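Each chain, written out:
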Amino acid sequence: MVPRSIAACQTTTPEPFRRSERETAWKHDLAEAYRQADDLLAALGLSPEAIPDLDSAAPGFRMLVPRAFAALMTPGDPRDPLLRQVLPLGAERLSVAGFSRDPVGDASADVGSGLLRKYAGRALLIVTGGCAVHCRYCFRRHFPYAALGETPDRTAVAMASIAEDPEISEVILSGGDPLMLDDDRLGALLERLHEIPHLKRLRIHTRLPVVLPSRVTDALCRLLAGSHLATILVVHANHPSELGAQAEDALQRLGRAHLTLLNQSVLLSGVNDAVPTLVALSERLFECGVLPYYLHQLDLVEGAAHFAVSDAQALRLGEALRQRLPGYLVPRLVREVPGVGSKIPLIDSARIGSPLL
Ligand SMILES: *Cc1c(COP(=O)(O)O)cnc(C)c1O
Ligand code: SF4
């Protein structure tokens, strides 16, 4: 960094400096994210009184909202569907029967190195606990990240265990958000995965192209395009308004880097539990080069009960989407059931015994 800042003082700024500025702008954008509910509300022209159940402190799971995401909210609308996803409410403190701190059984599947082996042929590696946004409905909002991930020792253990098991053909980088790692750390991780001969695919589950599109730099696209593993990026958008011009540009560039782009959404009351919204989301995703993959029924995580949509309503929405959209734009309506090695199509989940809804 030092030589570069010296270079910046020269009269003609060399190109490498400018490029490097562009490529680290996302860290600056992250530092500037809203962390106080009152600041976010003021930016939207709303007074805190406009949100009767506001919980400004939210000490357990702090508010975090990048400015690029806030810029897509409608000023003056206390019920904006993007705002609802990120604004802490007192309702999160209610204890509701059926909602728990580890709703999908991750804590029991963990093998201590941040490697989760819940799914046949796939290994899920938690590479960081950090995210650029704190989604209030997140199923990992109580996850013990501090006990996992990140340290070189743990990564070595995880890599060794992937290398030992030829049944694993796909590694899923998860978190947190794996694109919170900077290019150097991500590159180092990819290099180690490249040394494992039985791996065919790399999957990255990330919300950053949507909520922090500046993270999708040309350097990141080159890094991902340079992998010999077939690379799938699963993004996470729940509402068509999340896909603004910047996110579209980021996704188009990832598509040009020959990544397969899929989206997963969570069905959320007051956000996207309406047919026109879900139709518009699928169509907007397609414009961005992304195919809808999953529409998840909410994981029953403590603090998120106010987002729940009944199974009956979810099934009605799913049927309406099938009637209105081509098959490739209809996401699979699924739920995660602890201890089951795949997502369960909602239509069948009654047979497994849906816990609550
Ligand atoms: C379900 C799930 C997976 C595995 O997904 P498949 O597409 O069913 O292989 C990986 N990561 C997360 C976070 C999931 O919820
Ligand atoms: S980005 Fe994903 S992991 Fe992070 S808070 Fe949102 S839902 Fe949870």
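Now for a look at the structure at hand.

The rules behind these values
- Residues numbered from 1 in each chain as written.
- Chains lettered and ligands numbered in written order.
- Predicted model: local features only at pLDDT ≥ 70, side-chain atom pairs only at ≥ 80, totals over all residues.
- Heavy atoms only, no water.
- Axes fitted to C-alpha atoms, helices over the stretch in contact; angles between N-to-C directions.
- Helix = DSSP H or I, 4+ residues; strand = E, 2+ residues; numbered from the N terminus.
- Parallel < 35°, antiparallel > 145°, perpendicular 65-115°, else oblique.
- Contact = heavy atoms within 4.5 Å.
- Nonpolar A, V, L, I, M, F, W, Y, C, P; charged D, E, K, R; others polar.
- Left-handed = near helix turned anticlockwise from the far one by under 90°.
- Pairing = 2+ DSSP bridges.
- Near = heavy atom within 4 Å.

**Re the packing of helix H8 (residues 183–194) against helix H10 (residues 218–225)**
Stage number 1. Two numbers describe how H8 lies on H10: the axes approach to 11 Å, and their chain directions differ by 0°. Classified by the interaxial angle, the pair formed by H8 and H10 is roughly parallel. Of H10, the residues touching H8 (which contributes Asp-183, Leu-186, Gly-187 and Leu-190) are Ala-219, Leu-220, Leu-223 and Leu-224.
Stage number 2. Residue classes in the contact of H8 with H10 are distributed as six nonpolar, one polar and one charged.

**Notes on the packing of helix H12 (residues 275–287) against helix H13 (residues 311–324)**
Stage number 1. Axis separation between H12 and H13 bottoms out at 10 Å; the angle between their running directions is 50°. When the axes of H12 and H13 are compared, the pair comes out oblique. The way H12 lies across H13 gives a crossing that is right-handed. Each of Val-275, Leu-278 and Val-279 in H12 lies in contact with H13, whose residues at this interface are Leu-317, Ala-320, Leu-321 and Arg-324.
Stage number 2. The residue makeup of the contact of H12 with H13, split by class, is six nonpolar, no polar and one charged.

**Concerning the sheet that holds strand E1 (residues 115–116)**
Stage number 1. Strand order in the open sheet formed by nine strands is E1-E2-E3-E4-E5-E6-E7-E8-E9, with mixed pairing between adjacent strands. Each edge of the sheet is formed by a strand with only one pairing partner; in this case those strands are E1 and strand E9 (344–345).
Stage number 2. Where strand E6 (residues 260–266) and strand E7 (residues 291–296) come together, five bridges link them in parallel fashion. Note on E7: the bridge partner recorded for Val-266 is His-296.

**Examining the site of ligand 2**
Stage number 1. Around ligand 2, a shell composed of Cys-131, Val-133, Cys-135, Cys-138, Arg-207 and His-236 is seen.
Stage number 2. A breakdown of the residues in the shell around ligand 2 according to their chemical character gives four nonpolar, one polar and one charged.

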